[in-house]
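The chain contents come next:
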Amino acid sequence: DGGITQSPKYLFRKEGQNVTLSCEQNLNHDAMYWYRQDPGQGLRLIYYSQIVNDFQKGDIAEGYSVSREKKESFPLTVTSAQKNPTAFYLCASSRPGLASYEQYFGPGTRLTVT
Amino acid sequence: GESVGLHLPTLSVQEGDNSIINCAYSNSASDYFIWYKQESGKGPQFIIDIRSNMDKRQGQRVTVLLNKTVKHLSLQIAATQPGDSAVYFCAENAGAGGTSYGKLTFGQGTILTVHP
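Every value quoted in this text rests on a predicted model; they were computed, and no experiment measured them. (Residues numbered from 1 in each chain as written. Chains lettered and ligands numbered in written order. Predicted model: local features only at pLDDT ≥ 70, side-chain atom pairs only at ≥ 80, totals over all residues. Heavy atoms only, no water.)

**Thoughts on the nonpolar core**
And then number 1: Of all hydrophobic cores here, the largest spans 21 residues; its most connected members are Trp35, Ile47, Ile48, Leu73, Leu75, Tyr88 and Leu112 of chain B.
And then number 2: Residue assignment for this core shows that the elements contributing at least two residues are strand 2 (10-14), strand 3 (19-25), strand 4 (32-38), strand 5 (45-51), strand 7 (62-67), strand 8 (72-77), strand 9 (86-93) and strand 11 (110-115) of chain B.
And then number 3: In this structure Leu75 of chain B touches Ser19, Ile20, Ile21, Trp35, Ile47, Ile48, Val62, Thr63 and Tyr88 of chain B, once residues within four positions along its chain are discounted.
And then number 4: If you look at the next biggest cluster of nonpolar residues, it comprises 20 residues, including Leu11, Leu21, Trp34 and Ile60 of chain A. (Core = buried A, V, L, I, M, F, W, Y, C linked by side-chain atoms within 4.5 Å. Buried < 20%, exposed > 50% of the residue type's maximum accessible area, 1.4 Å probe, protein only. Helix = DSSP H or I, 4+ residues; strand = E, 2+ residues; numbered from the N terminus. Contact = heavy atoms within 4.5 Å.)

What follows is the structure, given as structure tokens:
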């Protein structure tokens, strides 16, 4: 089955610790994205990557970092500099083209920092 | 900056009714729009999309209407079922090319509750 996997589903960390969220896709998509979702809110773009070894900041990149060393993987690190890291994090991938810009989403990781 | 927004944050309907969820957008250059359904604690799922060269597109029990004159998008769900209860997001393609290629800008979402 093709799809996007995110792990773990729930993650708990103490304040001041960095934490890395995993995102893997086997859809052979070039583009990958990280979003943050707060309760009752829409999706806000953190970082995105259109191709391996390249990525751009989204609307709320401060306190986050990413890497894109492989086409299949786009891990997100939430650093201690992120002031309010508790949120639901969603990873997506796409193959943008003339027909569609549909993004395929993973199941999400709920991060709680105390 | 330009953004996508929704008129109604919540919508309650009876099972069997038709539902209409609205979305306003302000970027006149957007050429692609998409609707997602998100159930509690899960990732968004694709429902239907439409390009700006169309004004209507139909899927299974769903129809998307695009009115470019007033920059308005709507999602119609026919014979709404309890399983349709979720948050619905519209999104637009944020740019035609360069580093914006493929990016989507999401609206706030509408909570649809279907009562049996």
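Having seen it, we continue.
**A closer look at the pairing of strand 8 of chain B**
Residues and elements named next belong to chain B.
And then number 1: The pairing of strand 3 with strand 8 spans six bridges and is classified as antiparallel. Paired with Asn22 across the two strands is Ser74, which belongs to strand 8.
And then number 2: The pairing of strand 7 with strand 8 spans six bridges and is classified as antiparallel. Bridge pairing in strand 8 links Leu65 to Ser74.
And then number 3: Linking two consecutive strands that pair antiparallel, namely strand 7 and strand 8, is a turn of four residues; a positive phi of about 55° is found at Lys71 within it. (Pairing = 2+ DSSP bridges.)

**A closer look at the environment of Ile48 of chain B**
All names here are of chain B.
And then number 1: Position of Ile48 relative to the elements: it lies in strand 5.
And then number 2: Taking C-alpha positions, Ile48 is 6.9 Å from Gly59, a pair spaced 11 residues apart along the chain.
And then number 3: Excluding residues within four positions of it along the chain, Ile48 makes contact with Ile34, Trp35, Arg57, Gln58, Gly59, Val62, Val64 and Leu75.

**Considering the pattern of salt bridges**
Side chains that carry opposite charge are capable of pairing whenever their charged atoms lie near each other.
And then number 1: For the structure shown, the criterion picks out eight salt bridges over all chains.
And then number 2: The partner of Asp49 of chain B in a salt bridge is Arg57 of chain B, and the shortest N-O contact between them spans 2.3 Å.
And then number 3: Since its relative accessible area comes to 35%, Arg57 of chain B is described here as partly exposed.
And then number 4: Among the ionic contacts, a cluster of salt bridges with common partners joins Arg36, Asp38 and Arg44 of chain A. (Salt bridge = Lys/Arg side-chain N within 4 Å of Asp/Glu carboxyl O.)

**Re the packing of aromatic side chains**
And then number 1: As enumerated under the stated definition, the model contains 11 aromatic pairs over all chains in all.
And then number 2: Ring plane angle 80° and centroid distance 5.4 Å describe the contact between Tyr35 of chain A and Phe106 of chain B, whose orientation is recorded as edge-to-face. With Tyr35 of chain A in strand 4 (residues 31-37) and Phe106 of chain B in strand 10 (residues 104-106), this residue pair bridges two chains.
And then number 3: Note on Tyr35 of chain A: relative accessible area 1%, which makes it buried.
And then number 4: With a centroid separation of 5.3 Å and 90° between ring planes, the pair formed by Phe105 of chain A and Tyr36 of chain B is classed as edge-to-face. Here Tyr36 of chain B lies in strand 4 and Phe105 of chain A lies in strand 10 (residues 104-105), a pairing that spans two chains. No difference in accessibility class separates Phe105 of chain A from Tyr36 of chain B, as the two residues are buried.
And then number 5: Every member of this aromatic cluster is reached through a ring pair, and the members are Tyr33, Tyr35, Tyr48 and Phe105 of chain A together with Tyr36 and Phe106 of chain B.
And then number 6: Sitting above the plane of the Phe74 of chain A ring, Arg68 of chain A keeps its charged end 6.0 Å from the centroid. (Phe/Tyr/Trp six-rings, centres within 6.5 Å; stacked < 30°, edge-to-face > 60°. Lys NZ or Arg CZ within 6 Å of the ring centre and 35° of its normal.)

**A few points about the layout of surface pockets**
And then number 1: If you add up the space inside the largest pocket, you get close to 450 Å³.
And then number 2: Lining the largest pocket are 24 residues, and of these Gln37, Asp38, Pro39, Gly40 and Gln41 of chain A lie nearest its centre.
And then number 3: Mapped onto the lining of the largest pocket, the elements with two or more residues apiece are strand 9 (87-94) and strand 11 (109-113) of chain A together with strand 9 and strand 11 of chain B.
And then number 4: Of the residues in the lining of the largest pocket, the class split is nine nonpolar, 11 polar and four charged. (1 Å grid on protein atoms, 1.4 Å probe; cavity = no way out; pocket = protein on both sides within 12 Å on 5 of 7 lines; lining within 4 Å. Points joined across faces, edges and corners; volume = space filled by probe spheres on them. Nonpolar A, V, L, I, M, F, W, Y, C, P; charged D, E, K, R; others polar.)

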